[in-house]
Every structure is written in C-alpha cells, then in structure tokens.
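Understanding the architecture of this molecule
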Amino acid sequence: MKPPHILLVISGGIAAYKSLELIRRLRTMGYDVTPVMTKAAEEFVTPLSVSALAGRKVYQDLFDLTSEAEMGHIELSRSADLLVVAPASADLMAKMATGLANDLASTLLLATDTPVMIAPAMNVRMWTHPATQRNIKALKNDGIEFIGPAHGDMACGEHGPGRMTEPEEIASAIEQKLTALGAEKMLAGRHILVTSGPTHEPIDPVRYIANRSSGAQGSAIANALIAQGAEVTFITGPAEAPAPIGARIVEIQSAQEMHDAVHAALPVDAAIFAAAVADWRVKDAASEKIKKQAGESPSLTFTENPDILASVSALDEQRPPLVIGFAAETENVIENATAKRLRKGCDWIIANDVSPDTGIMGGHKNTVTVITDDGAVSWEKMSKKAVAARLAQDIAQHLQGCDDRD
Ligand code: C5P
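Not measured: the values here are computed from a predicted model.

Secondary structure summary: the protein contains 14 helices and 21 strands in total. Here the C-alpha radius of gyration of the protein, 24 Å, is about what a compact globule of 406 residues would show, namely 22 Å. Here the C-alpha coordinates of the protein stretch approximately 70 × 65 × 40 Å along the principal axes. Sorting the 406 residues of the protein into buried and exposed places 48% on the buried side. At a minimum sequence separation of 6, the contacts of the protein that also span at least 24 residues come to 66%. Of the roughly 20300 Å² that the protein leaves accessible, carbon and sulfur atoms contribute 50%. Each charge sign in the protein was given a centre, from 37 positive and 51 negative side chains, and these centres are 4 Å apart.

Structure, rendered in structure tokens:
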C-alpha cells in the first residue's frame, strides 16, 4: 500500500523554522511529504534544508515550467491525501478566504478538493484583528480545519493567541485526520452530539460565574468519534482545551444557551453530555454593569438552570437512541452515579471520582466506571484520549446492535 501523501505548504513567518521539525516527524511516521514554499517562507528557511528533510523537490514557483512539465499544479494538489499549511500566515489565510490565486501556494489551495488543515502563526494583534477573524470564520465555513494557534510568548515579545502549535501536536492532528480519512470507520453516517466545557452564567454584562472544567474529556471524545467517521456537533462553553478538529462547533456561554443549542441540533444518533453545566444562574442578571457603591455589596439571587441531559432523556420522538451522561463524584461514586442514571433517565452514565487527590480535574488521565442497564463496569486508569477511543468503540457497537434489532 502507498504511504499517505501530504502536501505541506510553508508560508512566511518566524514559525517557518518549525516546519523542518514537522517534516522530520511526518517522515518518521511513514508519510510522504511534498513541500511547497511561498516567496516569504524562503526568507525564514532555505528550500535546500526543506528539500533535504522531505527527501523531495520543493515546489516554489507557479511559472516554473520544469515542474509544470513534471506535474501540473492541479495534479500536484489532487495527488495528495491531505493538504497542510504550516505555518499559515495572515496573508495566506486572507488569500484562501477570498479565493485569490496569485502564487503557487494559493493556486494549489484553490485548485483542490482534498481536505485542508492549517496551523496559523502570526502576531497576536494580527490574529485578533477583525479582518483575520472574518477570514477565520470564512475558512471554517469552507471546511478548512484549524490546528491551533496556541497561546504564549511570541517572537515579537508579545503574549497571546497566534503562536503556531508545536510540530508534535500538528503531526498528531495530521495522523488523526489521515486515520479518520482512511480507516474502516465504525461511526460513518452517524450524527453525534457532544456537550463540553464549563458554562458562564452572567451577573451583569462584564461579570460571570463559572467552573474549572477544561473541556479536555469532551474534546477527546469528539476527536475519537470523528476519527471513527461520525459527524459531530460539538456544543461547548468557553473551554481551555482545543476544540476538536473537524466537528461542527457551536460556541455558547450559558446553560440556557447550551440547552437551546442542544435541542436545535436534534435529531442525532447519540448524545454525550460531557459539559460541566452550572446548576444555577443569577436570577435577573443586570443589563448594565453593576456599579460599586461604598460600603454596599450586591446580593445575588439564584435560580435553577434547565437540566439539559434530563430534558433530552425525557423526549419522546426526538430522543436520541443513545443518551450518555457524566457523573463527577467525590464519594460513593458507583452508588451515586447509579442513582443519577435513573434520575436523569439517560442510558449510560460515565462515572468518575474527581476528589482533588485523584488529579482528574484538569489532568490527562481518567479512571471511569460505565454504568448501563446491565450494571457497572470499571475501566483501568488510562488517558482521557484512551477513554474517548474506547467509548467511541462502545458507542459504535451499541448503535450497530440497535440497527440489527430493527
Ligand atoms: O447533576 P449533575 O450535574 O451531577 O449531572 C451531570 C451530568 O448531567 C453531566 O452529563 C452534565 O453534562 C449533565 N447536566 C446537564 N445539564 C445540567 C446539569 C448537568 O446536561 N443543567
């Protein structure tokens, strides 16, 4: 079998030097990499070092007749299994968003129907500029998948979003994408909804009440479902974990907004409620910023939020065939979670012990017990990614079983 073939576009930016490490990693993973460089990229890395690492010619010029004779640009982009742009500069993203094709890189990106992933890298102000934000939206709408950018210190001395994701992480996102594209997909044709992250409950237009959920387990689950070919609607509060690549992402703030977004996303084949939804919201949140008054502190009255999981479990016609809830407990985990499953009316509950000494909250590992109609099964301690992969498999098997019974 031919190894997967990646067309890697390197655009200009200080992060271009990291593309060398990315090529090295991708080659070690057994992928063929054909590099393409923009003119600006050549200011940061030499075509010679790129070509040496890729073990192939670097394509640079649209009007390079030799390369056109070897392989036309249309063929060049179509022969790849995946197009990756790393780093993706603000300039190249703007070209992609508007469909400009005035050099080899932008022409290849316009001439392709192959999936495209981009790892943006730019100064924080360029990233947050409304023009770039508009372009990001347009690119996401076009189905371009984003890897990062990360938050952190920049070469220019500023701090914030815009740093290119580290090559190791880009390589693993690429691997996941290629696996999803090529593998036997157990969840192909299934639509699955995942809620994730915390919710922010407003006190006034500038203040809110939140919780410490990172969204890591929810993102991992969505990624695992996508890798198995599912179409995922990912409804998330403001989470710290990177959003899953390839999901339809619906960003919300409050529990009420999450509730509405979840119900609007139905029908689905399965719904997984991994979000840490606030139990209460401030009753009558102020529409103007509450002013500080000397000697006085405002008192807040709370009202209960809708229980999204319970509301979906109680549906009649629109009830997904499989509804999964989470139970984060600190004591009597199995007993409490078993009662919760019945109270909420869901099919499965994934229970975990989140006592501070377990390090689960915000950590990479998880120890879960899955409670179903048939009782409780405890899984050994594993990474959140491994929990997600196993859960995706179990979901696929369960849905297959439902189909077989029909
Ligand atoms: O009741 P508790 O918050 O412990 O239940 C946890 C489960 O219920 C999680 O799956 C969570 O996503 C879901 N939930 C919800 N809506 C709420 C509260 C919790 O969907 N308002």
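Back to the write-up after that little detour.
Close to the ligand lie Phe273, Ala275, Val277, Pro306, Asp307, Ile308, Leu309, Gly325, Phe326, Lys340 and Lys344, which account for all nearby residues. In the environment of the ligand, an oxygen atom lies 2.7 Å from a nitrogen or oxygen atom belonging to the backbone of Ala275. Its free accessible area being 440 Å², the ligand has 85% of it covered by the protein chains. Put simply, the parts of the chain that give the shell around the ligand at least two residues each are helix H12 (308-313), strand S16 (322-329) and helix H13 (333-344). Classifying every residue of the shell around the ligand by side-chain character gives 7 nonpolar, 1 polar and 3 charged.

This paragraph deals with a nonpolar patch on the surface. Residues Ile209, Trp280, Leu300 and Phe302 make up a contiguous nonpolar surface patch of about 380 Å² in total accessible area. Taking relative accessible area as the criterion, Phe302 reaches 42% and is therefore assigned partly exposed.

Here we take up the packing of helix H1 (residues 18-28) against helix H2 (residues 47-54). A packed helix pair is summarised by two numbers, namely the angle formed by the two axes and the spacing between the axes. Viewed as axis vectors pointing N to C, H1 and H2 meet at an angle of 15 degrees, and their least axial separation amounts to 9 Å. Put simply, H1 runs roughly parallel to H2. As H1 runs across H2, the sense of the crossing is right-handed. Residues Leu20, Ile23, Arg24 and Arg27 of H1 form the contact with H2, whose own contacting residues are Ser49, Val50, Leu53 and Ala54. When its residues are assigned to classes, the contact of H1 with H2 shows 5 nonpolar, 1 polar and 2 charged.

Another aspect to go through is unusual backbone geometry. The linkage connecting Ala86 with the following residue, Pro87, adopts the cis geometry, with an omega of -5 degrees. Note that Pro87 resides in strand S3 (residues 82-88). Residues Gly148 and Pro149 are joined by a peptide bond in cis, for which omega reads 10 degrees. Relative to the elements of secondary structure, Pro149 occurs in the loop between strand S5 (145-146) and strand S6 (150-153). One non-glycine residue, Asn332, lies in the positive phi region at around 40 degrees.

Our focus in this paragraph is the nonpolar core. The tendency in soluble globular proteins is for nonpolar side chains to be buried side by side. Ranked by internal contacts, the top residues of the largest apolar core, which has 32 residues, are Leu187, Leu225, Val232, Ile272 and Ile395. Elements with a contribution of two residues or more to this core: strand S8 (191-196), helix H10 (216-227), strand S11 (231-236), strand S13 (270-273), S16, strand S17 (348-353), strand S19 (368-372) and helix H14 (384-405). Broken down by element, the residue count for this core peaks at 7 residues, all from H14. The contacts of Ile395, once residues within four sequence positions are left out, are Leu187, Ile192, Leu225, Ala270, Ile272, Leu322, Ile324 and Trp348. Within the second largest apolar cluster, 31 residues are counted, among which are Ala86, Ile147, Leu178 and Ile245.

Moving on, we get to H10. At 3.6 residues per turn, the α-helix brings residues three or four places apart onto the same side. End to end, H10 covers 16 Å across 12 residues, agreeing with the expected 16 Å (1.5 Å per residue, within 8%). Burial analysis of H10 places 11 of its 12 residues in the buried class, which makes it a mostly covered element. Of the positions making up H10, those classed as buried are Gln217, Gly218, Ser219, Ala220, Ile221, Ala222, Asn223, Ala224, Leu225, Ile226 and Ala227. Two residues or fewer past H10, Gly229 is found with a positive phi of approximately 90 degrees.

Right, let's talk about the side chain of Ser89 for a bit. Within the fold, Ser89 resides in the loop between S3 and helix H5 (90-98). The exposure class assigned to Ser89 is buried, which follows from its relative accessible area of 11%. A polar side-chain atom of Ser89 sits 3.1 Å from the main-chain amide nitrogen of Leu92. Once you skip the residues sitting within four places of it in the chain, Ser89 turns out to touch Ser11, Gly12, Ala121 and Met122.

What follows concerns the sheet that holds strand S12 (residues 248-251). One open sheet holds the 8 strands; their spatial order is S12-S11-S8-S13-S16-S17-S19-S20, and the pairing between them is mixed. Where the open sheet ends on each side, the last strands, each with one partner, are S12 and strand S20 (375-378). Each neighbouring strand pair of the sheet contributes to a mean axis angle of 15 degrees, computed without reference to strand direction. Strands in contact with H10 are S8, S11, S13 and S16; relative to S8, the strand with the most contacts, it is inclined by about 165 degrees.

What follows concerns the domain arrangement of the protein. Each assigned domain of the protein is listed with its residue range as follows: domain 1 (5-181) and domain 2 (191-405). Each side of the interface is counted separately: domain 1 has 7 residues, and domain 2 has 6 residues. When the two sides are added together, the surface that domain 1 and domain 2 hide from each other amounts to roughly 510 Å², 61% of it contributed by carbon and sulfur. The largest contributions to the domain 1 side of the interface with domain 2 come from Glu145, Gln176 and Ala180, which together make up 65% of the buried area. At the junction of domain 1 with domain 2, the criterion picks out 0 salt bridges. Summed over the shared surface of domain 1 and domain 2, the number is 1 residue pair in polar contact (both at pLDDT 80 or more). Secondary-structure elements contributing two or more residues to the side of domain 1 that touches domain 2 are S5 and helix H9 (167-182).

Cut-off values and rules
- Residues numbered from 1 in each chain as written.
- Predicted model: local features only at pLDDT ≥ 70, side-chain atom pairs only at ≥ 80, totals over all residues.
- Heavy atoms only, no water.
- Helix = DSSP H or I, 4+ residues; strand = E, 2+ residues; numbered from the N terminus.
- Rg over C-alpha atoms; globule rule 2.2 N^0.38 Å.
- Buried < 20%, exposed > 50% of the residue type's maximum accessible area, 1.4 Å probe, protein only.
- Contact = heavy atoms within 4.5 Å.
- Areas by Shrake-Rupley, 256 points an atom, 1.4 Å probe, with all protein chains shown as cover.
- Lys, Arg positive; Asp, Glu negative; His and termini not counted.
- Charge placed at Lys NZ, Arg CZ, Asp CG, Glu CD.
- Near = heavy atom within 4 Å.
- Polar contact = N/O pair within 3.5 Å; in protein donor to acceptor, adjacent residues only side chain to side chain.
- Nonpolar A, V, L, I, M, F, W, Y, C, P; charged D, E, K, R; others polar.
- Patch = residues over 30% accessible without salt bridge, like charges linked within 9 Å, V, L, I, M, F, W, Y side chains within 5 Å.
- Salt bridge = Lys/Arg side-chain N within 4 Å of Asp/Glu carboxyl O.
- Axes fitted to C-alpha atoms, helices over the stretch in contact; angles between N-to-C directions.
- Parallel < 35°, antiparallel > 145°, perpendicular 65-115°, else oblique.
- Left-handed = near helix turned anticlockwise from the far one by under 90°.
- Core = buried A, V, L, I, M, F, W, Y, C linked by side-chain atoms within 4.5 Å.
- Expected span 1.5 Å × (residues − 1).
- Pairing = 2+ DSSP bridges.
- Domains from an automatic or database assignment.
- Buried area = accessible area lost by both parts, 1.4 Å probe.

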